[in-house]
Amino acid sequence: MNIAVKASKGLKLTDILVTIVIAVVFGLVYKIWGPAYDLVKPLGLNAEQLVYGMWFMAGTFAYLIIRKPGVAILAEVAAATVSAFLGSEWGMSTLYYGLLQGLGAELFFAVFLYRNANLWVTSLAAAGSAIASLILDFSYGYIDQLSTWNYVLYVGFRMIGSIVIAGVFAFYLAKALEVTGVTRTLRPATEQDYKGLD
């Protein structure tokens, strides 16, 4: 699925609606993921950061399906909104995280001019979301008092978890949907799409 994508200008209503549907599904997942995150915390050594990447997946996955500018931000903000309205334990700050995480992913898709949807670019976008979330964590004072070794584990585990979940897993989930033909109605198939299925 090393696919060059020629992004058409602007989002159509269909693109927005599909992005919102994806975001609603991930908003529900985000809400459920909170307790899963808390279950890993007792392991210590910031192990919970290895599962943090799930909260970045709406943006990367939606982009892989729609492949247009603005989709990652829209998906993350909408998913964060759903999660917040369902009673996220992080309250309204969830919306700030959604916005910055979507922006972090969007920047990497933009660097490649929205023309590439391969595993490498998706993983970079996931890392971009992780970096954006770390900036907010620092501004809220969540990580400014950590010792150096603890800080390295915190950041390192979040980056690894983000790349694995929001990068690799999102990529292969989207690829599996492509094989089923579900995405065919969302965008025209190119010759490279077919080569990506080999």
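Residues numbered from 1 in each chain as written. Predicted model: local features only at pLDDT ≥ 70, side-chain atom pairs only at ≥ 80, totals over all residues. Heavy atoms only, no water.

Draft legend 1. How the structure looks around the nonpolar core. Ranked by internal contacts, the top residues of the largest apolar core, which has 42 residues, are Phe26, Met57, Phe61 and Phe109. Those elements giving two or more residues to this core turn out to be helix 1 (13-40), helix 2 (57-66), helix 3 (71-85), helix 4 (93-111), helix 5 (119-139) and helix 6 (148-180). It is helix 2 that contributes the most residues to this core, 8 residues altogether. Setting aside residues no more than four positions away along its own chain, phenylalanine 61 makes contact with Ile22, Phe26, Ala170, Leu173, Ala174 and Leu177. (Core = buried A, V, L, I, M, F, W, Y, C linked by side-chain atoms within 4.5 Å. Buried < 20%, exposed > 50% of the residue type's maximum accessible area, 1.4 Å probe, protein only. Helix = DSSP H or I, 4+ residues; strand = E, 2+ residues; numbered from the N terminus. Contact = heavy atoms within 4.5 Å.)

Draft legend 2. Fine view of the packing of helix 1 against helix 2. For the pair helix 1 and helix 2, the least separation of the axes is 10 Å and the interaxial angle reads 150°. It follows that helix 1 is roughly antiparallel to helix 2 by the angle criterion. Relative to helix 2, the crossing made by helix 1 is right-handed. Contact with helix 1, carried on its side by Asp15, Val18, Thr19, Ile22, Phe26 and Tyr30, involves Met57, Ala58, Phe61, Ala62, Ile65 and Ile66 of helix 2 and no other residues of that element. Here the contact of helix 1 with helix 2 is composed, by residue class, of 10 nonpolar, 1 polar and 1 charged. (Axes fitted to C-alpha atoms, helices over the stretch in contact; angles between N-to-C directions. Parallel < 35°, antiparallel > 145°, perpendicular 65-115°, else oblique. Left-handed = near helix turned anticlockwise from the far one by under 90°. Nonpolar A, V, L, I, M, F, W, Y, C, P; charged D, E, K, R; others polar.)

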